[in-house]
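# Descriptive structure summary
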Amino acid sequence: MASDLHGLLRSLRVWDPRVTELRPFDPAAAPAEPLALFTQWFAEAVAAGQAEPHTMSLATSDEEGRPDVRIVMLHGADADGWSFATHATSRKGGQLAARPYAALAFYWPVLGRQVRVRGPVNAAPAEESQGDLHARSTGALAAALTGRQSEVLGSVEELARASEAAWDRARREPDAPVPTWTLYHLRPDTAEFFQGDEHRRHVRLNYLREEGGWTRELLWP
């Protein structure tokens, strides 16, 4: 199996020009703050046909400082920060309560781009969290109502029963409250934008938050 894995890895190509467009990126012409550039790059990823561009890696750490990472969905990005949601009682919810600092990473291979943001995380007020949930799909509400995220599951049949009941309630009560559902805002201290280059001269523009605004620096690839 190990040799098969190595063979597969060697057969793969990064940024195949048949499916990837590596665009020029002039960091000198970039906006003065990262949100504007993120909004521009996100729109370009959508227009280029990137699948699920709103998914991102969320990295947290537990009380001992051990890292954890998973894929979540971006719920928004504005002056309050980059937003995502989960149950406060979930594993990541508990980690954020213990260490309210996290990192996000977006990867859009169709354009050879990455965006990384890192900073403190704050929980939104309950009213805002519930409003965000109820603005989403019936399926999102059903998943939230199923609850018990990250707890040990006895069987797939148990999950099926709980999910079916949650779907029924979500259809009957589209405004059903889910008290543990929490919207989180990550307010970046740093935001890095990476543009791949076919000659491996990748451009890395890093924004650093300072008193009264942002500074920018280039990083070696």
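Residues numbered from 1 in each chain as written. Predicted model: local features only at pLDDT ≥ 70, side-chain atom pairs only at ≥ 80, totals over all residues. Heavy atoms only, no water.

Pairs of aromatic rings are described using the distance from one ring centre to the other and the angle between the two planes. Applying the stated rule across the entire model yields twelve aromatic pairs. Ring geometry for F38 and W82: centres 5.4 Å apart, planes at 75°, overall edge-to-face. A residue pair is termed long-range when its members are at least 10 positions apart, and F38 in helix α2 (residues 34-47) and W82 in strand β4 (residues 81-87) qualify at 44 residues. We classify W82 as buried; its relative accessible area is 3%. Relative to W108, the ring of F38 lies with its centre 5.9 Å away and its plane at 45°, an arrangement referred to as tilted. Taken as a pair, F38 in helix α2 and W108 in strand β5 (residues 101-108) lie far apart in primary sequence, 70 residues in all. F38 sits in the buried class, given a relative accessible area of 3%. Put simply, the rings of F25, W41, F193, Y207 and W214 pair up and form one aromatic cluster. Its end group placed over the ring of W41, R113 keeps NZ or CZ at 4.2 Å from the ring centre. (Phe/Tyr/Trp six-rings, centres within 6.5 Å; stacked < 30°, edge-to-face > 60°. Helix = DSSP H or I, 4+ residues; strand = E, 2+ residues; numbered from the N terminus. Buried < 20%, exposed > 50% of the residue type's maximum accessible area, 1.4 Å probe, protein only. Lys NZ or Arg CZ within 6 Å of the ring centre and 35° of its normal.)

This part takes up the pattern of salt bridges. Counting across every chain of the model gives 14 salt bridges. We note a salt bridge from D68 to R70, for which the minimum N-O separation is 3.5 Å. A salt bridge links E173 to R169, with the shortest nitrogen-to-oxygen separation between them at 3.4 Å. Ionic contacts of the salt-bridge type, sharing partners, join the residues E21, R23, E44 and R113 into one network. (Salt bridge = Lys/Arg side-chain N within 4 Å of Asp/Glu carboxyl O.)

Turning our eyes to something else, we now look at the nonpolar core. With 27 residues, the main nonpolar core has F84, L104 and F106 as its most contacted residues. Mapped onto this core, the elements with two or more residues apiece are α2, β1 (55-61), β4, β5, β6 (113-123), β7 (181-186), β8 (190-195) and β9 (203-210). The biggest single contributor to this core is α2, with five residues. With residues near it in sequence (within four places) discarded, F84 still touches M56, L58, V72, M73, H75, L96, L104, V121, T182, L183 and Y184. Counting residues in each nonpolar core, the second largest holds 13 residues, with A85, A124, L145 and V178 among its members. (Core = buried A, V, L, I, M, F, W, Y, C linked by side-chain atoms within 4.5 Å. Contact = heavy atoms within 4.5 Å.)

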